[in-house]
Amino acid sequence: MNLYHPHARRQRARSVYLIIGLLMGILTVAFFRLQVLRSDTWELRAESNRIRQLPIPAPRGTIYDRNGQIIADNVPGYAITLLPGPPDSIRATLKQMSQYMEISDARIEDLLAFLRRYGQQPLVVDADASFRVVSALQERRTEFPTVHIEMRPHRRYFGGEAAAHLLGYVGEITSEELASSDFAQNRYEQGMVVGKTGIEKQYESILQGRRGLKYVEVDARGRIIGDFAALRVDPGEGGESLHLNIDMELQEWIHHIFPKSLSGAVIALDPADGGVLALYSNPGYDPNDFVSGISTQVWNDLNNDERKPLFNRAVMGLYPPASTWKLATAGIGLDLGVITPDEEMPVPCTGSYAFGNRSYRCWNPDGHGFNNLAEAIGNSCDVYFYQLGLRVGLDALLRRSTDIGFSRKCGIDLPQESQGIFPAEREFWERQFGYAPREGEVLPLSIGQGPNSQTPLKIAQFYLALARDGSAPSPFLARDLELEDAWALDLAPEHIMSLHEGLRNVTSPGGTAHFGTSLEYWEVRGKSGTAEHGLSQAGLAEPHAWFAGMAGPFGGAPGIVVVVIVEYGESGSGTAAPIMAKTADHYLRRQHGIPVDSVQTYLDHVRIGPVPTWYRERYPTGVGGIR
Amino acid sequence: MRRRLKKWILDPTLVFAVLGVTFFGMAMIYSAGVVYIPNEVTQGAWIRQGMWFLLAIIVFMVVVRIPVRWIEWIAVPSYAFSILLLASTLVVGTGAGTAAGVKSWIRIGSFGFQPSEIAKVATILLLARFLSQRKEPLSSVQDLLFPALLVGFPLALVVLQPDLGTAMAFGGILFAMLYWAGTPVILLLLIASPFLGLILSYDTIIWSGYILVLVGFLYLSRYRLLLFESVTVVLANLAAGTVSRPLWNRLAPYQQNRILVFLDPEVDPRGAGYQLIQSKVAVGSGGFTGQGFTLGPQKRYDFLPEQHTDFIFSVVGEELGFVGTALGILAFSFILVRLVSMATRTPDPFAGLVLLGIFGAWLTHVFVNIGMTVGVVPITGIPLPFVSYGGTFLLMCWVSLAIAVRVAHER
């Protein structure tokens, strides 16, 4: 048998042809399926392969003050980003870019650290590049195929430091924020700029807007080849604008007059509707620093600063209310009917008051003698209020103060607000200090000391109620909000009148705050407070200085309520009261069309020259030559 | 004219068909270089390929004139030489391009070549020489031992590189030549069965069933194999099933992934599945008539992997559509059929066996390369003859062609 007989060869060849036909047939069918039967799906896939959506950031809503002045808006900015890649080539590209822009070695290391952490995300080399740098890089586009220049609206805060705590600031959303319920709506994505604190955070959903989309064609390495013209660009929608009750001029004035070396806060409210005219905290920071990503250096400085510039003292700070609280004790006493306005306390003030086996001091060791309510407020006589407190009684004082709302938040439209601390019942002492309270606890409480801490905002709301009919809405920053009265003191009109009488005594000749609060056009009614705290009791620091009050035309309704606290300010009437008066004066002058002046109070006048005419005319007999 | 042409190139039909495919390949390599962001690798590759083509033509003209006796004679030394080269790749071999981990290249200065290409031709020649001297068909496992060793030796060295694609080509050579030498199909299937056992062993139950069927078949087989053969085949299957797990674990992760994504490319769309998905996207979006020569977006935007070498046929699919791919498959079918018909016509056993060896190698290359672009076979780094970019590969393909037409037309 011949293995390679022609017949055998032909037979074998036939099987081989069959195999060729079979295999090539399989291939042809596979290509037919893919290219003819299913080509639509794959065409779509090919497009989505190379078409990328590029978000167009929506400009945030503009923030206006009550006079229509812009407080925060946007300016066009350019961000320079770098597509992720191997660390070595990123480093090389950054080095190469540093010929045209400033990139420190530290910055390069920061970016590489970011790359290691979030490998897929573009690196923001400069979130706010100058036009010079942008054009330098644009000219060399071929040298930097992975560099992407993106138009980004850029937040601008006009007030700078003046309104920092109030407005807050914006920054890129963090992964924690993305996961949190605050940003739960699916409109948020990595890389978006969101409000971090203050108004920016509170009204994030209004201000944010809807970001647009454009479509670009990219290659496999994500390098942008060009726009994809077939799909329409969605320009997005800018955020809604927001109108605030804030009077920006007033806010800036407060920033101007507040002593920079001291820490503290000022709140100004409109008695008509509880609108917040100014909300200031010192020391501050410039929110513009945060806009394009705050540098590590500045951030660390702000966080390590002992004075805590990021802390919003106006709504977060808790201080013993001190003598500003006496009005609360007085109001409760009047309402309970345990005193009448004209009644004098049986024990005259001799500089101290004996209760139990202890002696309780009055701030004035010389004593105030016999006082009625208005005189006691004017003199801030502790001995009067010790006795009033005892008449009200510990339980009633705890219950009524709590009912009024001193241990509740005001509900201001800011993301953070501290809750006041005031014992609701006797158990508080057992929980906090481990002993049952004696009746004597009412003595310090009735003069605003003891376990009582309030935010400046809460005290402002209290004085707002006093300036009105005893009720006060929540102080609010945003305008045109219908607010229910959140706070009611339940005081008869004549009782309010007598409290005002007391507040007027404070600023009248002979009152504790007369010289610092005497103004040419306006009558100030208010109460100073000098808050003892742990450090001051140990003699290590000055007490905090309060002044809470209202001002308006003589004999008319108050036009503004202002509360000032100055940490370690030593004296309420000496340090805080002039700030309050100058704040009120600035606002009221503009309200009434009177030119503003920086020399405002009696003190201001006599510091630079003679006693002003208006003061002489008002008090022709003089006030004993005191200045 | 035709007579003169026949005198010069012996088989104008086949040579012109291959020439056409080679020009087509160079055009596609040119197109592969047309991308939005040019790179040094694909840019100008077609010119380098053209240079190699000129060299290949010269070598072809020379080889076509070598007497068949010489070719027969050179089989042994060239086999020994290529085994030596293959072994040395394991020590001094380097990778190339994306297959940097594969030690299949030998570099001398700027010149590099793959010894496995030479080994394929040498193995074909030596196996043809051995088989052509037999007067009886190989009818037992013992008969198959020597041919299997002959191919198995270079095959094992190639697997160690590791270059699975070329190893498959050796398999194709062995089976095609054994079949042409009259080996019973049933015997071929039995040698192939351990590979089937290897694959099926991923599931113990399926594998056990398979072994039972195999044993039953051997017992009932009307070919009535000898006891020795039956036992050997069963043992080989058992061994394959046993070593499969350690063998799998020995595979490099990229090789494991290639097999896994063959089953489902979407398991790893960014990693191992990426090449297959992008290739299918390119081919599929080509549609019936294609995006137009050099105009394929997938290729232009650089989504296609290895677009001038292993995935050149994806470019064909994207730019020339089904018309292009069908014609391409048809052209290769023609070349393959022509090789077999030449073997049918030549009375010389050696010539027929050499033709079938070359056929086996090319069929494997064509089927695996084209098949992997659409997911019919797993992705293995195996080039498309005469089309894929690669100097030594093109040259050795033309040398094979020269040997094919030489032996077929020996008078």
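What counts, and where the lines are drawn
Residues numbered from 1 in each chain as written. Chains lettered and ligands numbered in written order. Predicted model: local features only at pLDDT ≥ 70, side-chain atom pairs only at ≥ 80, totals over all residues. Helix = DSSP H or I, 4+ residues; strand = E, 2+ residues; numbered from the N terminus. Buried ≥ 20, exposed ≤ 12 C-beta atoms within 10 Å, placed from the backbone. Contact = placed C-beta atoms within 7 Å. Nonpolar A, V, L, I, M, F, W, Y, C, P; charged D, E, K, R; others polar. Pairing = 2+ DSSP bridges. Axes fitted to C-alpha atoms, helices over the stretch in contact; angles between N-to-C directions. Expected span 1.5 Å × (residues − 1). Arc of directions from axis to C-beta. Core = buried A, V, L, I, M, F, W, Y, C linked by C-beta atoms within 7 Å. Parallel < 35°, antiparallel > 145°, perpendicular 65-115°, else oblique. Left-handed = near helix turned anticlockwise from the far one by under 90°. Bend = angle between axes of the 7 residues up to and from the residue.

A.B. asks: Please explain the overall build of chain A as it appears in this structure.
C.D. replies: On a plain count of helices and strands, chain A comes out with 26 helices and 19 strands. Counting the 627 residues in chain A, one finds 44% classified as buried. Relative to all contacts within chain A whose residues are 6 or more apart in sequence, the contacts with residues 24 or more apart total 71%.

A.B. asks: In this structure, what is going on with the overall build of chain B? I would like to understand it.
C.D. replies: For chain B, the count of helices and strands is 16 helices and two strands. Out of the 411 residues belonging to chain B, those deemed buried represent 51%. A separation of at least 24 residues holds for 68% of the contacts in chain B among residues at least 6 apart in sequence.

A.B. asks: Help me understand the interface of chain B and chain A, please; the structure alone is not making it clear to me.
C.D. replies: For interface size, the figure often reported is the accessible area lost on association. At the junction of the two partners, chain B supplies 43 residues and chain A supplies 37 residues. Every element with two or more residues in the side of chain B that touches chain A is listed here: helix H7 (164-180), helix H12 (272-286), helix H13 (297-300), helix H14 (312-345) and helix H15 (349-373) of chain B. It is H14 of chain B that contributes the most residues to the side of chain B that touches chain A, 13 residues altogether. Taken together, the residues of the side of chain B that touches chain A sort by class into 26 nonpolar, 14 polar and three charged.

A.B. asks: What exactly am I supposed to notice about the sheet that holds strand E17 (residues 522-531) of chain A here?
C.D. replies: The strands that make up a sheet are held in pairs by hydrogen bonds between backbone atoms, and each pair lies either parallel or antiparallel. All names here are of chain A. Taken in spatial order, the five strands line up as E12-E11-E19-E18-E17 in an open sheet, and their pairing is antiparallel. If you trace the sheet from one side to the other, it starts and ends with strand E12 (276-282) and E17, each paired once. Strand-to-strand twist across the sheet, computed as the mean angle between neighbouring axes with direction ignored, equals 10°. Pairing of strand E11 (residues 264-269) with E12, which is carried by six bridges, proceeds in the antiparallel orientation. Looking at the pairing, Ile267 lines up with Leu279 of E12. Docked against the sheet, helix H10 (residues 248-257) engages E11 and E12, running at close to 30° with respect to E12. Helix H21 (residues 493-507) contacts E17 and strand E18 (544-553) of the sheet and is inclined by roughly 85° relative to E17.

A.B. asks: How do you make sense of the pairing of strand E19 (residues 560-566) of chain A when you look at a structure like this?
C.D. replies: Note on strand geometry: in a regular strand, side chains alternate between the two faces of the sheet. Residues and elements named next belong to chain A. Counting buried residues in E19 gives seven out of seven residues, a clear majority hidden from the surface. Judged by which residues are buried, E19 turns out to be covered on both faces: Ile560, Val562, Val564 and Val566 on one side and Val561, Val563 and Ile565 on the other are all buried. Across six bridges, the pairing between E11 and E19 is antiparallel. In the strand pairing of E19, Gly264 is matched with Val566. With seven bridges connecting them, E18 and E19 associate as antiparallel partners. Paired with Trp546 across the strands is Ile565, a residue of E19. Between E18 and E19, which pair antiparallel and follow one another directly, the connecting turn spans six residues, one of which, Gly555, has a positive phi of 75°.

A.B. asks: I would appreciate a short explanation of unusual backbone geometry in the present structure.
C.D. replies: Most of the time, phi is negative for any residue but glycine, and the peptide bond is trans. Residue and element names in this part refer to chain A. For the bond running from Asn282 to Pro283, omega is 0°, close enough to zero to count as cis. Within the fold, Pro283 resides in the loop between E12 and helix H11 (288-291). Although it is not a glycine, Ser380 sits at a positive phi angle of roughly 55°. If you trace the backbone, Ser380 turns up in the loop between helix H15 (373-379) and helix H16 (382-392). Unlike most non-glycine residues, Tyr568 shows phi in positive territory, near 50°. You can see Tyr568 is positioned in the loop between E19 and helix H24 (572-591). C-beta crowding within 10 Å serves as the criterion here: with 18 such atoms nearby, Tyr568 is assigned to the partly exposed category.

A.B. asks: What is the right way to look at the environment of Pro437 of chain A in this model?
C.D. replies: Residues and elements named next belong to chain A. Tracing the backbone through its elements, the reader meets Pro437 in the loop between helix H18 (427-433) and helix H19 (442-446). Here Pro437 falls in the buried class, since 21 other C-beta atoms lie within 10 Å of it. With near-sequence residues (within four places) excluded, Pro437 lies in contact with Leu394, Arg426 and Trp429.

A.B. asks: It is not clear to me how helix H3 (residues 45-63) of chain B should be interpreted in this structure. Could you clarify?
C.D. replies: Think of an α-helix as 3.6 residues a turn; residues three or four steps apart then line up on the same face. Residues and elements named next belong to chain B. Here H3 spans 26 Å end to end across 19 residues, near enough to the 27 Å set by a 1.5 Å rise per residue. Among the residues making up H3, those that are buried are Ala45, Trp46, Gln49, Phe53, Ala56 and Phe60. Projected down its long axis, H3 shows its buried positions confined to an angular sector of 75°, all on one face. In H3, the exposed positions angled more than 90 degrees off the buried face are occupied by Ile47, Met51, Leu54, Ile58 and Val62. Looking at the buried positions of H3, the neighbouring elements they touch are helix H2 (12-32) and helix H16 (391-408).

A.B. asks: Looking at this structure, I do not really get the nonpolar core. What am I missing?
C.D. replies: Where a protein is soluble and globular, its nonpolar side chains tend to be buried together. Counting residues in hydrophobic clusters, the biggest one holds 117 residues, and the most contacted among them are Met177, Ile312, Leu339, Val354, Leu355, Phe359 and Ala404 of chain B. It is H15 of chain B that contributes the most residues to this core, 16 residues altogether. Setting aside residues no more than four positions away along its own chain, Phe359 of chain B makes contact with Ala176, Leu336, Leu339 and Val340 of chain B. With 114 residues, the next largest nonpolar core counts Tyr157, Ile246, Ala268 and Leu443 of chain A among its residues.

A.B. asks: I'm lost on the packing of H2 of chain B against H14 of chain B in this one. Help?
C.D. replies: Angle between the axes and distance between the axes: these two values describe a pair of packed helices. All names here are of chain B. At a minimum axis separation of 10 Å, H2 and H14 run at an interaxial angle of 160°. It follows that H2 is roughly antiparallel to H14 by the angle criterion. The chirality of how H2 crosses H14 is left-handed. Contacts between H2 and H14 involve Thr13, Leu14, Ala17, Val18, Gly20, Val21, Met28, Ile29, Ser31 and Ala32 from the first element and Ile312, Val315, Val316, Glu319, Ala331, Phe334, Ile335 and Arg338 from the second. Grouping the constituent residues of the contact of H2 with H14 by class yields 13 nonpolar, three polar and two charged.

A.B. asks: Got a minute to help me understand helix H8 (residues 185-200) of chain B in this structure?
C.D. replies: Residue and element names in this part refer to chain B. The terminal C-alpha atoms of H8, which comprises 16 residues, lie 21 Å apart, in line with the 22 Å expected from a rise of 1.5 Å per residue. Roughly 35° is the biggest bend found in H8, and it falls at Ala192, with proline Pro194 one to four residues downstream. When we look at burial in H8, the residues that qualify are Leu187, Leu190, Ser193, Pro194, Gly197 and Leu200. Buried residues in H8 make contact with helix H9 (204-220) and helix H10 (227-250).

A.B. asks: Honestly, the pairing of strand E14 (residues 358-361) of chain A in this entry has me stumped. Any pointers?
C.D. replies: Residues and elements named next belong to chain A. Judged from the four bridges that link them, strand E13 (residues 352-355) and E14 form a sheet pairing that is antiparallel. Within E14, the residue paired with Ser352 across the bridge is Arg361. In textbook terms, the turn of a hairpin is the stretch between consecutive antiparallel strands, and for E13 and E14 this stretch comprises two residues, one of which, Gly356, has a positive phi near 60°.

A.B. asks: Please clarify how the packing of helix H4 (residues 68-92) of chain B against helix H6 (residues 141-160) of chain B should be interpreted in this entry.
C.D. replies: Residue and element names in this part refer to chain B. Packing of H4 against H6 brings their axes to within 9 Å, and their N-to-C directions diverge by 20°. The orientation of H4 relative to H6 falls into the category roughly parallel. Crossing of H4 over H6 shows left-handed handedness. For the pair formed by H4 and H6, the contact residues are Ser82, Ile83, Leu86, Ala87 and Leu90 on the first element and Phe153, Pro154, Leu157, Val158 and Leu160 on the second.

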